[in-house]
Amino acid sequence: MNLQEVVSFSGVNRKEEIETLSTTYFDLVVIGGGATGCGIALDAASRGMKVALVEKRDFASGTSSKSTKLIHGGLRYLKQFDIPLVRETGTERAVVHKLAPHLVLPEKMLLPLIKGGTYGKWATSFGLLVYDLLAGVERDDRRKMLSKKKALQLEPLLDENKLKGGGFYAEYRTDDARLTIEMIKRAAHFGAKALNYCEAVDFLYQEDHISGVQCKDTISGQTFSIKAQKVVSAGGPWVDRVRKLNGSLSGKRLHLTKGVHIVVPKEKLPLQHSVYFDVADGRMIFAIPRGKVTYIGTTDTTYTGRLDRIVVTKADADYLLKAVNNAFPSIELTIEDLISNWAGLRPLIHEEGKSPSELSRKDEIFLSPSGLISIAGGKLTGYRKMAQRIVDLVSKQLATEADQNFGPCRTKEVYLTSKPFSSAKAVQQYITQLEKQVRERGLDPYYGWYLATVYGEQSQAVLDKMSEFQSNNAAIALARAEAWFTTHHEMVNSASDFFVRRTGRLYFDIASIAEVRSFIMQDLQDYLAWEAERRLKEEEVLDMLLHDATHYYDEELS
């Protein structure tokens, strides 16, 4: 895919975007640029609605860049007999894989069976069978039960003294932030107008009914209004705050739970497959190999701290280290082995008397008397169905109130890139092609896998741009080409947009940041016309992010 075929979704044309937002009358304004909000924008725009979306920080900057990065049905919800949730999210795995094969990759998962573990052999066999049937898994990918010997052959680091066997089943690994970015780019392709770093600070009203949103551009400080027939809040952990702003915070409320992941170099935990293993407290967590690293998570604890800066505490890290060392006793990981981390929030619906792990992952819609529609809860895997439920509701209201008729949901067939791969096999073939290309440009073959699983066929546009950045260091030239591409085609407006959500370097290749940082910061300053004060602020924010990703706090920030 060359640059002429790539959708323009630029952070450079900000003034023009704000002018369009403030002078257009929209059918729908969406508050929140996570997976749910961007999914709603895509669904609505693909049906023909005039759609605007505003996000107070960056797209996917909240929960949607801090998940376990799996598109999975949630095997553990079978234990809670939440059959509808497992059926819907399980089925959605295959749908989302088809829509973005380079971002949703098949991943075999090993579930070790241990003495005194959560699942026994027969319960696991039956549970995985039901899981496969509910999710519509193809026969070749259905679960296999493994002997102790076979499980150890697959993962020799497992504890031989405790191991009894294993279950081997199909899941999908993803890049949650990249998935969200591709959603909003695709929504823009259908005419949606979206802006990051644009905060909804109040609502417009006409005869006590919401008629739009008052916004603040958090980069320039400019305020402006967006007028629309309908407003949806999909702000994740901020949903209750938006409901309060609207004066409609009553009844059910959010229960925020915190999920932490820690990252180690792959050689410290050299797994061949993702492993879903028992923890002493009855929970289960994942260890997932990815590129140069293996990451481990997650925790599930009630959270009452700051929403804008969620950090990993020493207690969080100790919990995960104890769990992984217990499952793989020979590795003996310590906190000094950790090279990065991330922490995010789940915006669940509060249920009295239930622990965080017992809370339902179902989504819920709230309707206010003034017309605000809010949605919270749910899982990344279910983003498309959540969006469909919201847009069906909006469409029904517009048909009744304004005699406007929009068709049914189309997103099951709306690919997230203009040139999708036909299958996971095609993705692997493309990775092989890119490995050859990057070698010829003086890069490690790792970058072939990296580019393919970040940009898909847009990788060619990035590689073609490399030649414009003269450097004796090919890795620097590549990063600069990525910065140009993501600024002009993926609305990068800050250094954190680039290093965290467009490229994932902060989590999965943190050492590379020091090598390319000065070049990227200068390029972003040139592209986005930063003044010296803005450049200094960006450097400070990046320093803070690097510190938080490599340090462990005594307590939550308040």
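Here the structure is shown first, and the text comes after it.
Let me sum up the structure you'll find in this document. (Residues numbered from 1 in each chain as written. Predicted model: local features only at pLDDT ≥ 70, side-chain atom pairs only at ≥ 80, totals over all residues. Heavy atoms only, no water.)

This brings us to the overall build of the protein. Per the secondary structure count, the protein includes 18 helices and 18 strands. Whereas a compact globule of 558 residues would reach a radius of gyration of roughly 24 Å, the protein reaches 23 Å, a difference of no more than 12%. For the protein, the spread of C-alpha atoms along the three principal axes comes to 70 × 60 × 50 Å. Among the 558 residues that make up the protein, the fraction classed as buried is 62%. For the protein, restricting intrachain contacts to residue pairs at least 6 apart in sequence, the fraction spanning at least 24 positions comes to 72%. (Helix = DSSP H or I, 4+ residues; strand = E, 2+ residues; numbered from the N terminus. Rg over C-alpha atoms; globule rule 2.2 N^0.38 Å. Buried < 20%, exposed > 50% of the residue type's maximum accessible area, 1.4 Å probe, protein only. Contact = heavy atoms within 4.5 Å.)

So, on to empty space enclosed by the protein. A complete count under the given rule lists six cavities of 30 Å³ or more for this structure. Estimated volume of the largest cavity: approximately 110 Å³. Looking at the largest cavity, the residues that line it are P112, I114, L158, D159, K162, L163, F277, D278, N326 and A327. Sorting the residues of the lining of the largest cavity by element identifies β4 (104-114), β12 (274-278) and α9 (314-327) as the ones contributing at least two each. Here the residues of the lining of the largest cavity are counted per class, giving six nonpolar, one polar and three charged. (1 Å grid on protein atoms, 1.4 Å probe; cavity = no way out; pocket = protein on both sides within 12 Å on 5 of 7 lines; lining within 4 Å. Points joined across faces, edges and corners; volume = space filled by probe spheres on them. Nonpolar A, V, L, I, M, F, W, Y, C, P; charged D, E, K, R; others polar.)

Moving on to the state of the cysteines. With the rule as written, the count across this model stands at zero disulfides. Free cysteine: C198, not disulfide-bonded; nearest cysteine sulfur from C215 at 4.1 Å. On the accessibility criterion, C215 (1% relative accessible area) is buried. (Disulfide = S-S within 2.5 Å.)

This part covers the pattern of salt bridges. For the structure shown, the criterion picks out 36 salt bridges. Taking the shortest distance from any N to any O, the salt bridge between D43 and R47 comes out at 2.6 Å. The class for D43 is buried, based on a relative accessible area of 0%. The exposure class assigned to R47 is buried, which follows from its relative accessible area of 9%. (Salt bridge = Lys/Arg side-chain N within 4 Å of Asp/Glu carboxyl O.)

This part is about the layout of surface pockets. What the second largest pocket holds in volume is close to 1100 Å³. In terms of lining residues, the second largest pocket is bounded by 40 residues, among which R57, D308, S496, V541 and M544 are the most central. Elements represented by at least two residues in the lining of the second largest pocket include exactly β16 (340-349), α15 (495-502), α16 (505-508) and α18 (532-550). No other element matches α18, which puts nine residues into the lining of the second largest pocket.

Attention now moves to the environment of K252. Positionally, K252 belongs in the loop between α8 (239-245) and β11 (254-265). Along the primary structure K252 and D300 are separated by 48 residues, whereas in three dimensions their C-alpha atoms are 21 Å apart. Not counting chain neighbours up to four residues away, the residues in contact with K252 comprise R243, I349, E364 and F366.

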